[in-house]
Structures are given as structure tokens and as C-alpha cells.
Amino acid sequence: APHGCDGMAGDEAFEEWCRAQNVNLLSLSTSLEVDLKRRSLKDPAIARRLACVLRGSSVLRRLILSGTDLVDDTAGSILEALRHTSIEALDLSDNHLTAVSVPAVARLIRPADGLAADAGKDGEGRGLKELSLDGNALGDAAIAQLGEALLPPARLTTLSLQHAGAGDNSAYALARAIATPGCALGMLSLAYGLVGNCGAAALAASLAANDGTFKRLMLSGNLRIGDLGGQALAEALLARGEGSPAGAIVDSDEQVRDIAA
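Remember, predicted model here, so these are calculated numbers, not experimental data.

Novice: Looking at this structure, I do not really get the pattern of salt bridges. What am I missing?
Specialist: Close approach of charged atoms allows side chains with opposite charge to pair. In total, this model carries five salt bridges according to the counting rule given. When the shortest N-O distance is used, the salt bridge between arginine 49 and aspartate 11 registers 3.0 Å. Highlighted residues: arginine 49 in helix H3 (residues 44–55) and aspartate 11 in helix H1 (residues 11–20), separated in sequence by 38 residues. Looking at arginine 49, the relative accessible area reads 10%, which means it is buried.

Novice: Quick question: what am I supposed to make of the packing of aromatic side chains here?
Specialist: The description of an aromatic ring pair uses the distance of the two centres, along with the angle that the planes make with each other. For the coordinates displayed, the defined rule picks out one aromatic pair. Each ring, one from phenylalanine 14 and one from tryptophan 17, has its centre 5.6 Å from the other, and the planes form 15 degrees; the classification is stacked. Here the residue phenylalanine 14 and the residue tryptophan 17 both occupy positions in helix H1, the gap between them amounting to three residues, near one helical turn. On the basis of relative accessibility, which here comes to 2%, the residue phenylalanine 14 falls in the buried class.

Novice: Explain unusual backbone geometry here, please?
Specialist: Among all residues except glycine, the phi angle is most often negative; among peptide bonds, the trans geometry is most common. In this model, proline 152 is joined to proline 153 through a cis peptide bond whose omega is 15 degrees. Mapped onto the secondary structure, proline 153 falls in the loop between helix H8 (146–149) and strand S5 (158–160). A positive phi angle, near 55 degrees, is found at aspartate 94, a position not held by glycine. Relative to the assigned elements, aspartate 94 resides in the loop between strand S3 (89–91) and helix H5 (102–109).

Novice: What am I meant to see in the environment of leucine 151 here?
Specialist: Here leucine 151 lies in the loop between H8 and S5. Here leucine 151 falls in the partly exposed class, since its relative accessible area comes to 28%. Once the C-alpha coordinates of leucine 151 and leucine 174 are considered, the two residues, 23 residues apart in sequence, prove to be 9.5 Å apart. Every residue in contact with leucine 151, bar those within four places of it in the chain, is listed here: Arg110, Ala177 and Thr180.

Cut-off values and rules
- Residues numbered from 1 in each chain as written.
- Predicted model: local features only at pLDDT ≥ 70, side-chain atom pairs only at ≥ 80, totals over all residues.
- Heavy atoms only, no water.
- Salt bridge = Lys/Arg side-chain N within 4 Å of Asp/Glu carboxyl O.
- Helix = DSSP H or I, 4+ residues; strand = E, 2+ residues; numbered from the N terminus.
- Buried < 20%, exposed > 50% of the residue type's maximum accessible area, 1.4 Å probe, protein only.
- Phe/Tyr/Trp six-rings, centres within 6.5 Å; stacked < 30°, edge-to-face > 60°.
- Contact = heavy atoms within 4.5 Å.

In C-alpha cells:
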């Protein structure tokens with residue numbers, strides 16, 4: 001059994017959960033992709049047992065846990081277990097996570113040196129490449145904490161934070177990461193958040209400073225972005241050259257697209 005799971009009670013209950021949720025128990029530890037979308041993990045004992053099973057997987061690369069009723073407590077054991085895997089893509093969208101879970105998520109983006117050194121045979125090192133936290137009430141300050149985690153040598157290329165409460169503080173922190181040479185991030189969604197003109201201006205400046213790795217910024221539904229923010233984004237797009245039309249870089253509200261056009 002994985003470390004910390006020896007003698008752990010609940011096997012029968014977990015097997016019953018797997019049957020009820022139409023989940024193949026063996027596949028949880030032998031599949032490259034595990035899709036548990038909309039399978040309820042409200043029971044802490046079930047979540048802990050799942051964490052143990054996932055921690056024992058040497059092949060897991062993608063895990064989908066969207067809409068599984070996760071809260072900070074139940075997610076904590078799973079996030080900790082995933083630090084000991086080679087997972088590359090994680091979908092935690094549409095759950096009930098708050099700022100409490102953000103440090104654990106950041107550790108998956110930017111693992112400790114000891115864990116990173118214990119990489120798979122491909123030698124690439126550990127660390128997420130794709131992450132979705134859509135629909136979780138994380139809040140502006142907590143999302144801002146993810147900015148430091150994105151700095152090199154982090155490998156995250158796709159980060160989606162729609163309906164997660166991102167605001168100007170989030171935009172500032174994430175913009176600093178995007179502007180940092182070597183940042184791997186290529187797509188960022190802060191859609192349906194609270195980003196305003198100042199945050200939009202910071203993101204615009206990061207687009208101008210980025211080395212070309214960053215390809216898509218999604219800001220739809222940020223109603224606090226007005227003409228000033230839109231103008232800053234439009235100027236950043238123009239600075240990137242004719243080969244980077246507005247639609248390919250910024251997906252925002254009509255007022256921003258109209259200015260960028």
C-alpha cells in the first residue's frame with residue numbers, strides 16, 4: 001500500500017462507492033487518465049481512500065475531478081497524494097474550494113526540489129502543465145499567490161480561473177509571471193472575474209514583455225474593464241505585430257475587441 005495507507009479502513013466502502021459511481025477500481029491506479037467528473041467525493045473517507053490509490057499510481061498523467069463536491073478538507077488529501085505522482089493535467093473545476101486550497105495547488109505547479117528530482121524516466125521533472133480551477137470561490141488574494149508558482153522552472157502552460165474571483169491583485173501577480181523570461185504559460189483565463197482597468201493594463205504590459213510563449217488571454221465577463229484597460233490591451237496587441245490579431249491573443253468583451261480592432 002502507498003505510504004500512509006497501510007491498514008487503512010474503508011476498502012469495502014470504497015469498493016461500494018466505485019460500483020455505485022460506475023468507476024473501475026483497477027483503472028484508478030493503472031490509467032494515464034482518470035475521469036471522475038461529477039462523481040461525488042463528499043465523503044471524507046472516500047476522498048482519503050482515493051488519495052491513497054492515486055498516490056500509488058506510477059502512470060497517472062491526467063485527472064478530472066470537476067463537479068465532485070470537493071471542499072478544502074477532502075481536496076487536501078488528494079492534492080498531497082498527487083505530489084508523489086507524475087501528473088501533468090488536473091481539472092478541479094466546479095467544486096467548493098477556497099483560498100485554503102491554493103497553497104497545496106501551488107505546490108503541484110512548483111514542486112519541492114526533492115520531489116522534482118525524483119522525476120519519471122523522461123527526465124522532464126515534475127509539475128503540472130494544465131490546471132483548471134474554474135468555478136471555485138478562491139478570491140483575488142489567493143489567486144495572486146499562484147503568480148510566484150508560475151515562475152521558471154514551472155512547466156504550467158494552461159491555467160483557467162473562470163468564475164474564481166480573480167481581480168486586479170491576481171492580474172498583477174500573474175502579469176509579473178508572464179513577463180518573466182522563461183515562463184512556460186501560454187494560455188490564461190480570468191474570465192467572469194473582477195479585473196479592472198489597472199489589472200488589464202498590467203496584463204497588457206506583460207504581453208508586450210513576453211518572449212512570445214504566451215498565446216491566449218481570456219478576459220470575457222470582466223465588466224470593470226473599460227476604455228482605459230481596453231486601450232492598453234489594444235496597444236499591446238499592436239506591439240506584438242500584425243501576425244498577432246486581437247482574436248488570437250485577447251478574448252474579452254466587445255468593448256475591448258472593438259478598441260483592439
